[in-house]
Amino acid sequence: MSALADFQNEIYLKGLGDVLPELPTDLTGLEGLAERRLSAQAFGYVAGSAGSEATARANRAAFDRWRIVPRMLRDVAERDLSVRVLGTAMPAPVLLAPIGVQSILHPDGELAVARAAQAAGVPMVLSTASSYAMEDVAEANGDGARWYQLYWPKDRDLAVSFLERAKAAGYTALVVTLDTFTLAWRPRDLDQAYLPFLRGIGVANYFSDPVFQQAVGGPVTDANRDTALLHWIANFGNPSLTWEDLAFLREHWDGPIALKGIQHPDDARRAVHAGMDAVIVSNHGGRQVDGAVASLDALPAVADAVGNQISVLFDSGVRTGADVVKALALGAQAVLVARPYAYGLALGGEAGVRHVLRCILAELELTMTLSGLTRPDELSLDTLVRA
Ligand SMILES: Cc1cc2nc3c(=O)[nH]c(=O)nc-3n(C[C@H](O)[C@H](O)[C@H](O)COP(=O)(O)O)c2cc1C
């Protein structure tokens with residue numbers, strides 16, 4: 001029996017003592033609040049997308065073109081939203097997407113997120129570009145569920161070192177992000193000439209890595225900092241990778257592997273052939289290819305192509321519990337929430353992230369229940385109509 005919706009009662013009961021929620025419960029309102037709180041550079045980095053941001057807008061608009069059709073008198077007294085994805089049990093089909101450089105949002109960055117995720121029982125996916133080293137984040141996450149997201153560097157020994165460290169630190173699944181082997185044209189960052197990495201933020205996993213350190217003449221200090229940053233730039237992404245290279249990851253990672261950034265059913269089929277365990281239908285929140293298809297519009301064809309062979313996960317544009325319902329109905333087995341928790345972090349640190357998670361899980365359970373649905377596997381195209 002799920003108790004995720006109890007957050008609603010908790011809020012109303014606290015109201016009897018004149019205590020109000022610390023942040024809005026409509027998570028679409030967080031971006032505006034975060035804009036007032038953050039520096040223009042930090043806000044631009046998070047809220048910004050590629051080019052004219054048409055794809056970021058399309059991601060949201062795509063959700064609006066689907067509507068849930070509630071069904072009545074179905075005995076929804078007992079609910080169970082829990083699922084198991086890539087060997088990880090979770091209270092609902094919701095995970096935290098990898099977001100890099102979180103210390104620009106809050107000094108505790110990924111450490112705060114790791115604590116909030118553990119408290120809510122929600123798995124987190126830690127970015128290679130995190131502002132704290134993966135071992136420190138794992139410690140903050142305790143017995144929480146965690147996956148590691150790889151930005152596959154040019155130096156293969158460095159890639160292997162990242163994988164070995166992630167395994168040792170208790171990250172159980174590998175998410176390989178394919179859509180960001182180089183950064184896109186992002187006008188908000190370009191106009192402010194702002195790239196956090198060049199200021200030494202989001203490079204903790206590199207600077208703490210023995211292979212990386214060896215390449216730059218030892219631990220990174222003021223003396224070799226410029227060399228280290230240049231080495232980071234030279235190594236960050238690898239545009240020459242092909243499907244054949246995935247065998248290398250299989251060789252060095254014995255857990256499940258998910259490919260993030262898939263938008264075409266043929267690429268999803270290739271993931272199956274390459275022995276991958278999952279695809280994440282994502283366009284990086286519109287941050288990479290402006291004018292690209294909305295991620296939700298890409299989802300049904302991918303789910304159709306491979307959904308009965310490997311796991312299909314989804315992100316890009318998820319803001320509410322109802323959005324999660326729509327993505328699940330269109331074929332996702334689980335959904336990654338991204339910008340909303342980044343804004344929660346900016347506005348309230350660990351408590352802000354916990355608030356976002358509790359809101360989205362409560363709203364998810366309530367939306368399902370009121371629609372006549374008690375378990376995620378009951379969701380299908382029959383749940384929706386075109387608006
Ligand atoms: C500030 C920011 C940093 C991100 N960093 C990463 C990253 O390091 N690795 C990654 O795979 N995706 C990264 N993403 C993409 C997210 O994982 C996710 O795909 C995207 O944010 C989904 O779009 P949405 O936030 O609009 O829902 C980042 C997104 C944002 C907004």
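Keep in mind that this is a model prediction, so the values were computed, not measured. (Residues numbered from 1 in each chain as written. Predicted model: local features only at pLDDT ≥ 70, side-chain atom pairs only at ≥ 80, totals over all residues. Heavy atoms only, no water.)

1. Examining the nonpolar core
Cut-off, in case you're wondering: Within this scheme, the nonpolar core is defined by two criteria: the residues are buried Ala, Val, Leu, Ile, Met, Phe, Trp, Tyr or Cys, and they are joined through side-chain atoms within 4.5 Å. Throughout this description, buried means an accessible area under 20% of the type-specific maximum (1.4 Å probe, protein chains only), exposed means over 50%, and partly exposed covers the range between. The numbering of helices and of strands both runs from the N terminus, where a helix is a DSSP run of H or I of at least 4 residues and a strand a run of E of at least 2. Whether two residues are in contact is decided by their heavy atoms: any pair within 4.5 Å suffices.
Counting 115 residues, the largest nonpolar core has Tyr171, Tyr206, Leu249, Val279, Leu296, Leu299 and Phe314 as the members making the most contacts within it. In terms of residue count, helix H16 (residues 339–370) provides more of this core than any other element does, 15 residues in total. Residues within four places of Leu296 in sequence aside, it is in contact with Ala62, Phe63, Trp66, Phe314, Ala327 and Leu330. By size, the runner-up hydrophobic cluster in this structure holds 15 residues, among which are Trp147, Ala173, Ile280 and Ala334.

2. Focus: a nonpolar patch on the surface
Convention followed: Exposure above 30% relative accessible area and no salt bridge define the residues that can form patches, which grow by joining like charges within 9 Å and nonpolar side chains of Val, Leu, Ile, Met, Phe, Trp and Tyr within 5 Å. All accessibility values rest on the Shrake-Rupley procedure with a 1.4 Å probe; residue burial counts only the protein chains present in the view. Here, a salt bridge means any Lys or Arg side-chain nitrogen found within 4 Å of an Asp or Glu carboxyl oxygen.
On the surface, a cluster of nonpolar side chains totalling about 290 Å² of accessible area is made up of Leu198, Leu230 and Ile233. When you line up the elements, Leu198 lands in the loop between helix H8 (187–191) and helix H9 (204–207).

3. Focus: the packing of helix H15 (residues 321–329) against H16
When two helices pack together, you describe them by how their axes are tilted relative to each other and by the distance separating the axes. Formally: Fitted lines through C-alpha atoms give the axes, limited to the stretch in contact for helices. The angle between two N-to-C directions lies from 0 to 180 degrees. Each angle is binned into one of four classes, with values under 35 degrees roughly parallel, values over 145 roughly antiparallel, values of 65 to 115 roughly perpendicular, and all other values oblique. Each crossing is labelled by how the near helix is turned from the far one, with a counterclockwise turn of less than a right angle marking it left-handed and a clockwise turn marking it right-handed. Throughout this entry, Asp, Glu, Lys and Arg are counted as charged residues, while Ala, Val, Leu, Ile, Met, Phe, Trp, Tyr, Cys and Pro are counted as nonpolar. The remaining residues, Gly among them, count as polar.
With their axes 7 Å apart at the nearest point, H15 and H16 run at an angle of 60° to one another. Relative to H16, the element H15 lies oblique. The handedness of the crossing between H15 and H16 is right-handed. Packed against H15, whose contacting residues are Gly321, Ala322, Val324 and Val325, the element H16 presents Ile360, Glu363, Leu364, Thr367 and Met368 at the interface. Its residues assigned to classes, the contact of H15 with H16 comprises 6 nonpolar, 2 polar and 1 charged.

4. Thoughts on the pattern of salt bridges
Counted according to the given criterion, the structure contains 15 salt bridges. One salt bridge connects Arg354 with Glu350, and the closest N-O pair in it is separated by 3.3 Å. With a gap of 4 residues between them, Arg354 and Glu350 both fall in helix H16, about one helical turn apart. Note on Glu350: relative accessible area 26%, which makes it partly exposed. Taking the shortest distance from any N to any O, the salt bridge between Glu378 and Arg375 comes out at 3.6 Å. Connected through shared salt-bridge partners, Glu10, Lys14 and Arg358 make up one network.

5. Some words on the packing of aromatic side chains
Formally: Centres within 6.5 Å make a pair out of two Phe, Tyr or Trp rings, where for Trp the six-membered ring is used; the pair is then stacked when the planes are under 30 degrees apart, edge-to-face when over 60, and tilted otherwise. Working rule: Lys NZ or Arg CZ, within 6 Å of ring centre, within 35 degrees of ring normal, means a charge sits over the ring.
Under the defined criterion, the tally for this structure stands at 13 aromatic pairs. Three or more aromatic residues joined by ring pairs form one cluster here, namely Tyr151, Phe162, Phe197, Tyr206, Phe207, Phe212, Trp232 and Phe236. Looking at Arg146, its charged tip hangs above the ring of Tyr171, at a distance of 5.6 Å from the centre. Note that Lys167 overlies the ring of Trp253, its terminal NZ or CZ placed 4.7 Å from the centroid.

6. Here's the deal with the site of the ligand
Put simply, the rule is: One heavy atom suffices: a residue is near a molecule or strand as soon as one of its heavy atoms comes within 4 Å of it. Two N or O atoms form a polar contact when they lie within 3.5 Å of each other; inside protein one atom must be a possible hydrogen donor and the other a possible acceptor, and for residues adjacent in sequence the pair counts only when both atoms belong to side chains.
Surrounding the ligand, one finds 22 residues, the nearest of these being Pro98, Ser127, Thr177, Arg319 and Arg339. Contacts to the ligand include Lys260, whose side-chain N or O atom sits 3.0 Å from a nitrogen atom. For the ligand, an oxygen atom lies 2.8 Å from a polar atom in the backbone of Gly317. In terms of residue class, the shell around the ligand is made up of 8 nonpolar, 9 polar and 5 charged.

7. Some points on H16
Where we set the bar: How far a helix is expected to stretch is found by multiplying one less than its residue total by 1.5 Å. Consider a residue and the seven residues that end there alongside the seven that start there; fitting an axis to each set, the bend is the angle between those axes.
Between the first and last C-alpha of H16 there are merely 26 Å, a value that for 32 residues lags more than 12% behind the 46 Å anticipated at 1.5 Å per step. If you look at H16, its biggest bend is around 140°, right at Gly348. Here H16 lies mainly inside the structure; 24 of its 32 residues are buried. Where H16 ends, the next residue or the one after it, Gly372, has phi of about 90°, a positive value.

8. Quick word on helix H14 (residues 295–306)
An α-helical turn contains 3.6 residues, so a residue and the one three or four places further along point in the same direction. For the record, the criterion: In this context, the arc is that of the directions from the helix axis out to the C-beta atoms.
In a regular helix each residue adds 1.5 Å, so 12 residues correspond to 16 Å; H14 covers 16 Å between its end C-alpha atoms and thus fits that length. All of the buried residues in H14 are Ser295, Leu296, Ala298, Leu299, Val302, Ala303, Ala305 and Val306. Projected down its long axis, H14 shows its buried positions confined to an angular sector of 160°, all on one face.

9. Let's talk about the packing of helix H2 (residues 30–37) against H16
The interhelical angle for the contact between H2 and H16, taken along N-to-C directions, is 100°, at an axis separation of 8 Å. On the basis of the axis angle, H2 is roughly perpendicular to H16. Where H2 abuts H16, its residues Leu30, Glu31, Leu33, Ala34 and Arg37 lie against Pro340, Tyr343, Gly344, Ala346, Leu347 and Val356. Classifying every residue of the contact of H2 with H16 by side-chain character gives 8 nonpolar, 1 polar and 2 charged.

10. Quick notes on the pairing of strand E10 (residues 311–314)
Here is the rule we go by: Strand pairing is defined by DSSP finding a minimum of two bridges between the two strands. Viewed with both strands pointing away, a crossover whose connecting path from the first strand over the helix to the second turns clockwise is right-handed.
Side chains Ser311 and Leu313 project from E10 onto one buried face, and the interleaved Val312 and Phe314 project onto a second face that is buried too. With 4 bridges joining them, strand E9 (residues 278–281) and E10 adopt parallel strand pairing. Its bridge partner lying in E10, Ala278 is registered against Ser311. Note on the crossover from E9 through H14 to E10: the handedness is right-handed. Summarising the sheet, E10 and strand E11 (residues 334–337) pair through 2 bridges and their orientation is parallel. Bridged to Leu313 within E11 is Ala334. In terms of handedness, the path from E10 via H15 over to E11 forms a crossover that is right-handed.

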